[in-house]
Amino acid sequence: MENTEKTEKKILTADVARALIATAKSGVLIIPNEYTEIASQAFIGYSELRVVVIAGVQEIGMGAFAMCNNLIMVTISDGTKYIGTEAFAECTSLYNVEI
């Protein structure tokens, strides 16, 4: 018997991003494993973000974190297969990206 079960995509949209930002402590955001994709521009311009940990996400959309001027560190899990164009564009304080 074949396993025909497909993994459903769960996209982290701008609306979800707003809710997550509201719960972030001291500018540290851990993206829950339940999301498979971060939508394009989902977190654009959030100056509250300082550290982001992305685990379980397979795709990071175009400009997903663009203009997050206080973002200094990003950790991306090895399961991430695609990082969109300008995903971290104009993140002027970003100095550490771990993949």
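Cut-offs applied
- Residues numbered from 1 in each chain as written.
- Predicted model: local features only at pLDDT ≥ 70, side-chain atom pairs only at ≥ 80, totals over all residues.
- Heavy atoms only, no water.
- Buried < 20%, exposed > 50% of the residue type's maximum accessible area, 1.4 Å probe, protein only.
- Helix = DSSP H or I, 4+ residues; strand = E, 2+ residues; numbered from the N terminus.
- Pairing = 2+ DSSP bridges.
- Patch = residues over 30% accessible without salt bridge, like charges linked within 9 Å, V, L, I, M, F, W, Y side chains within 5 Å.
- Areas by Shrake-Rupley, 256 points an atom, 1.4 Å probe, with all protein chains shown as cover.
- Salt bridge = Lys/Arg side-chain N within 4 Å of Asp/Glu carboxyl O.
- Axes fitted to C-alpha atoms, helices over the stretch in contact; angles between N-to-C directions.
- Phe/Tyr/Trp six-rings, centres within 6.5 Å; stacked < 30°, edge-to-face > 60°.
- Contact = heavy atoms within 4.5 Å.

**Section: the pairing of strand E2 (residues 28–31)**
- Residues Leu 29 and Ile 31 line the buried face of E2, whereas the alternating positions Val 28 and Ile 30 sit on a face that is not buried.
- Of the strand pairs in this sheet, E2 and strand E4 (residues 51–54) are connected by four bridges, and their pairing is parallel. Residue Ile 30 lies in a different strand from E4, and its bridge partner there is Val 53.

**Thoughts on a nonpolar patch on the surface**
- Judged by side-chain polarity, Ile 83, Val 97 and Ile 99 come together as a nonpolar surface patch covering roughly 300 Å² of accessible area.
- Of note, Ile 99 is situated in the segment after strand E8 (96–98).
- Residue classification places Ile 99 among the exposed positions, given a relative accessible area of 74%.

**Overview of the sheet that holds E4**
- Sheet architecture is open: four strands sit in the order E2-E4-E6-E8, paired in parallel fashion. The open sheet terminates on both sides in strands that have one partner only, identified here as E2 and E8. For this sheet the average axis-to-axis angle between neighbouring strands, irrespective of direction, equals 5°.

**Description of unusual backbone geometry**
- Phi angles above zero are rare outside glycine, and Gln 41 is one such case at about 60°.
- For Glu 90, which is not glycine, the phi dihedral falls at a positive 60°.
- Note that Glu 90 resides in the loop between strand E7 (82–83) and E8.
- Residue classification places Glu 90 among the exposed positions, given a relative accessible area of 57%.

**Some points on the packing of aromatic side chains**
- In the structure shown here, the tally under the stated rule is three aromatic pairs.
- On the basis of an interplanar angle of 65° and a centroid distance of 6.3 Å, the ring pair of Phe 43 and Tyr 46 is categorised as edge-to-face. When sorted by exposure, Phe 43 lands in the same class as Tyr 46, which is buried.
- When the ring of Phe 65 is compared with that of Phe 88, the centres are 5.3 Å apart and the planes differ by 5°; the resulting orientation is stacked.

**Points about the environment of Val 52**
- The residue Val 52 is located in strand E4 in this model.
- Val 52 gets classed as buried once you look at its relative accessible area, which sits at 0%.
- Separated by 24 residues in sequence, Val 52 and Ile 76 place their C-alpha atoms 8.4 Å apart.
- When residues no more than four places from it in sequence are discounted, the contact partners of Val 52 are Leu 29, Ile 31, Phe 65, Leu 71, Met 73, Val 74 and Thr 75.

**Observations regarding the environment of Leu 94**
- Here Leu 94 shows up in the loop between E7 and E8.
- Of the residues examined, Leu 94 reaches a relative accessible area of 23% and is grouped as partly exposed.
- Residues Leu 94 and Leu 71 lie 23 residues apart in sequence; the distance between their C-alpha atoms is 5.4 Å.
- For Leu 94, the contacting residues outside a window of four places in its chain are Leu 71, Ile 72, Met 73, Val 74 and Phe 88.

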